[in-house]
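In case you want the letters, here they are:
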Amino acid sequence: MLKTLQGKLMLLMIVLLCGLGVVFFYVEMYCFDLYQQAINQSLNKDLADTLLKRFLSSKIGWEKMPEELQRQFDQFMAINPDIELYLLDGEGRILAATSGINLQLKRVDTAPIKQFLRGNAMFPLLGDDPAHTMRQKVFTAAAIDAAQAQTGFLYVVLGSQSHDALAQRLETGLIIRHGLWIIGLAMLATLTVAVGSTLFLTRWLRRLAMVMQHVERGKPLELVPHFALIEQPTDEIDKLGQAYNAMAGQINTQLDELQKTDRARRELIANVSHDLRTPLAALRGYLETLLMKEATLSASERHNYLKIAVKQSERLTVLVEELFEFTKLEAGDTRLNREPFQLAELVQDVVQKFSLAARNKNIALNAHSERDVPFVNGDIAMLERVLENLIENALRHTAEGGRIDISLQAQSEYVQVQVSDSGSGIPQQDLPYIFDRFYRVDKSRSEYSGGAGLGLAIAKRVIELHGGCIEVDSAQGQGTCFTFRLPVTAAHQRNAVINFV
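Model, not experiment: these values are computed from the prediction.

Chemist: Is there a simple way to think about the side chain of Asp421 in this case?
Modeler: Along the chain, Asp421 turns up in strand β10 (residues 414–421). Summary of buried charges: Asp421 has no salt-bridge partner, and the nearest side chain of opposite charge, Arg396, is 9.9 Å away. Apart from the residues lying within four places of it in its own chain, the contact partners of Asp421 are Ala394, Thr398, Arg403, Ile404, Gln478, Gly479 and Thr480.

What follows is the structure, given as structure tokens:
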């Protein structure tokens, strides 16, 4: 139990309260002792005066007073042993004392005596104890005016040595008995308060600990609703709870993303395995046929088999290059070879590359540009790859007789490029995911279904590396429009008109 925060807090509270209880106990005993002394001195403040009147009932000379008072002191002490009587001269020297007292002082300080006689003292008022050099006691006193007009004092110490010894023994026993009771009750009360308060103050901390233990059992981290409802945290536990909720939410989100990535990875492996297996099988089949039937095949048949084998090998090359390119982009190993260039000229070159394929499918492929399109600073080869991916997608999903348009517009800080087609469009449920890695809208396995689903992910990553962005707008059955923007290079702007053919 002491290893837990709760146990340590309870132990600390018990130690502190017990220490405070002991200090309070001794302070209370000290105050009680002072109270008793004040009561004793108040009740006996006239005792010295009463005794003095009795001792001086007959005329006694100052020279005979010590002997006579000594005798009377002894008689009175036989009746009341709780006091000690002393005869002092005007300067406080002891002239007579109760018999049996081992005097340690020869002179008593008269300042407290004079203060007592003035009647303005606050009790308890302590004076010298002639039987002890380092101790003071409460007293009562009376002034003596002898026949010879020499002044002295009757000094009565309230509490003799025998009385002190008995009181000390009784007090020691009382302290032990009551002290044990007080300490026991204090510890019980402290334990009750400590347990209750720590349980109350650490209840949400225990809740956090229980929730975090779920991770060990393979469960997702749970949020603690209590901390989510707190607008302004009042203590460190509230701040810790809100920080935990934020951390748990972020971890759960990352876990969900990892699970989605893992599912996409498994789907990629299945897709790539199938895509690679198909051309490999075809390539191997035609090559084996050439080997087995080399003597019987005509020149045209051999040429046809080799042509198909080359086509399948090209398909394999595209798949492998796509995977390799995306892996480099994801790992951050790709370095841009930036240079200022006119994006409209690059668009014209790419359009010419695909013009034959577009004519073969009876698709109109056109490019349009505004006047004075500024330069951009980028990697020509990688941006060419982006345009090729977008136009290939458009050709793949546009039916015969359709059209594909590429347009450029100069904006304040960007050059905007749009690639739109009149093809089949993208289903709305697929739009949020088409730029995700490994995602394929077309799940078919035909040879025209495209690569491994990395083309758009590669395009997005390339545009982002250039400091731009890419978007898509599509309606199923009406076509698709991809739009990306690249920052302009102000130092290389020029006024130019690009004519497309």
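Chemist: Please clarify how the confidence of the model for the chain should be interpreted in this entry.
Modeler: For any part of a model where pLDDT is low, the fine detail of the predicted coordinates should not be relied upon. Model confidence for the chain is summarised by a mean pLDDT of 77, while 73% of its residues fall at 70 or above. Contacts from residues 492–501, a stretch scored under 50 in pLDDT, to residues over four places away or in other chains number 27 contacts.

Chemist: Would you mind going over the environment of Pro81 with me for this structure?
Modeler: Mapping Pro81 onto the fold places it in the loop between α3 (65–79) and β1 (83–89). We classify Pro81 as partly exposed; its relative accessible area is 40%. Residues Pro81 and Gly159 lie 78 residues apart in sequence; the distance between their C-alpha atoms is 8.5 Å.

Chemist: Looking at this model, I keep getting lost on a nonpolar patch on the surface. Mind explaining?
Modeler: A contiguous nonpolar surface patch, about 450 Å² in accessible area, is contributed by Phe32, Tyr35, Ile39 and Leu43. Within the secondary structure, Phe32 sits in helix α1 (residues 5–43).

Chemist: Would you mind showing me how to read the pattern of salt bridges here?
Modeler: A side chain of one charge can pair with a side chain of the opposite charge when the charged atoms of the two come close. All chains considered together, the criterion is met by ten salt bridges. With its nearest N and O atoms 3.9 Å apart, the salt bridge here joins Lys137 to Asp129. On the basis of relative accessible area, Lys137 is assigned to the buried category, the value being 8%. Among the charged side chains, a network of salt bridges with common partners joins Asp89, Glu91 and Arg93.

Chemist: Could you clarify how one ought to interpret the pairing of strand β11 (residues 469–475) in this entry?
Modeler: Note on strand geometry: in a regular strand, side chains alternate between the two faces of the sheet. Direction of pairing for β11 relative to strand β12 (residues 479–487): antiparallel, over a ladder of seven bridges. Across the sheet, Asp473 pairs through a bridge with Cys481, a residue of β12. Here β11 folds back onto β12, and the loop between the two strands holds three residues, one of which, Gly477, carries a positive phi near 90°.

Chemist: Is there a simple way to explain the packing of helix α10 (residues 343–360) against helix α11 (residues 380–397) in this structure?
Modeler: Packed helices, taken two at a time, are described by the angle their axes make and the gap between the axes. One can describe the packing of α10 onto α11 by two numbers: an axis separation of 10 Å at closest approach and a directional angle of 35°. For the pair α10 and α11, the sense of crossing is right-handed. The residues of α11 that touch α10, namely those facing Leu346, Val347, Val350, Lys353, Phe354, Ala357 and Ala358, are Ile380, Leu383, Glu384, Leu387, Glu388, Ile391, Glu392 and Leu395. Looking at the contact of α10 with α11 residue by residue, the classes come out as eleven nonpolar, no polar and four charged.

Chemist: What is the right way to look at the sheet that holds strand β9 (residues 403–410) in this model?
Modeler: Remark on secondary structure: sheet strands pair via backbone hydrogen bonds, oriented parallel or antiparallel. Spatial strand order, β7-β9-β10-β12-β11: five strands in an open sheet with mixed pairing. Single-partner strands in this sheet number two, and they are β7 (364–369) and β11. Going from strand to strand, the sheet's axes swing by 10° on average, the running direction of each strand aside. Relative to β10, β9 runs antiparallel, the two sharing seven bridges. Following the sheet pairing, Gln409 is matched in β10 by Gln416. On top of the sheet, α11 reaches β9, β10 and β12; it is set at about 170° to β12, its chief contact. With respect to the sheet, helix α12 (residues 455–465) is in contact with β11 and β12, its orientation differing from that of β12 by roughly 25°.

Chemist: When you look at the packing of aromatic side chains in this model, what are you seeing that I'm missing?
Modeler: Geometry of an aromatic ring pair is reported as the spacing of the ring centres plus the angle between the planes. Counted by the stated rule, this structure contains six aromatic pairs. Aromatic side chains Tyr86 and Tyr155 sit 6.3 Å apart centroid to centroid with 45° between the ring planes, which places their arrangement in the tilted category. Note that Tyr86 is positioned in strand β1 and Tyr155 in strand β5 (residues 151–158), a separation of 69 residues in sequence. For Tyr86, a relative accessible area of 0% puts it in the buried group.

Chemist: Before we go on, may I ask you to explain the pairing of β10 in this structure?
Modeler: Counting the residues between successive antiparallel strands, the hairpin from β9 to β10 contains three residues. Strand direction decides the pairing type here: β10 and β12, joined by eight bridges, are antiparallel. Each bridged residue has a counterpart across the sheet, and for Ser420 the counterpart in β12 is Cys481.

Chemist: When you look at the environment of Glu325 in this model, what are you seeing that I'm missing?
Modeler: For Glu325, the position within the fold is in helix α9 (residues 299–331). Along the primary structure Glu325 and Leu454 are separated by 129 residues, whereas in three dimensions their C-alpha atoms are 9.4 Å apart. The contacts of Glu325, once residues within four sequence positions are left out, are Arg385 and Ile458.

Chemist: I keep staring at the nonpolar core and nothing clicks. Help me out?
Modeler: Looking at soluble globular proteins, one finds that nonpolar side chains tend to be buried together. Of all hydrophobic cores here, the largest spans 45 residues; its most connected members are Leu343, Ile406, Leu408 and Phe484. If you list the elements that add at least two residues to this core, you get α9, α10, β7, α11, β9, β10, α12 and β12.

Chemist: Would you mind going over unusual backbone geometry with me for this structure?
Modeler: Among all residues save glycine, negative phi is the norm, and among peptide bonds the norm is trans. Here Phe123 and Pro124 are connected by a cis peptide whose omega angle stands at 0°. Looking at where Pro124 falls in the secondary structure, it is placed in the loop between α4 (111–118) and β3 (126–128).

What counts, and at which threshold
Residues numbered from 1 in each chain as written. Predicted model: local features only at pLDDT ≥ 70, side-chain atom pairs only at ≥ 80, totals over all residues. Heavy atoms only, no water. Helix = DSSP H or I, 4+ residues; strand = E, 2+ residues; numbered from the N terminus. Buried < 20%, exposed > 50% of the residue type's maximum accessible area, 1.4 Å probe, protein only. Lys, Arg positive; Asp, Glu negative; His and termini not counted. Salt bridge = Lys/Arg side-chain N within 4 Å of Asp/Glu carboxyl O. Contact = heavy atoms within 4.5 Å. pLDDT = per-residue confidence, 0-100. Patch = residues over 30% accessible without salt bridge, like charges linked within 9 Å, V, L, I, M, F, W, Y side chains within 5 Å. Areas by Shrake-Rupley, 256 points an atom, 1.4 Å probe, with all protein chains shown as cover. Pairing = 2+ DSSP bridges. Axes fitted to C-alpha atoms, helices over the stretch in contact; angles between N-to-C directions. Left-handed = near helix turned anticlockwise from the far one by under 90°. Nonpolar A, V, L, I, M, F, W, Y, C, P; charged D, E, K, R; others polar. Phe/Tyr/Trp six-rings, centres within 6.5 Å; stacked < 30°, edge-to-face > 60°. Core = buried A, V, L, I, M, F, W, Y, C linked by side-chain atoms within 4.5 Å.

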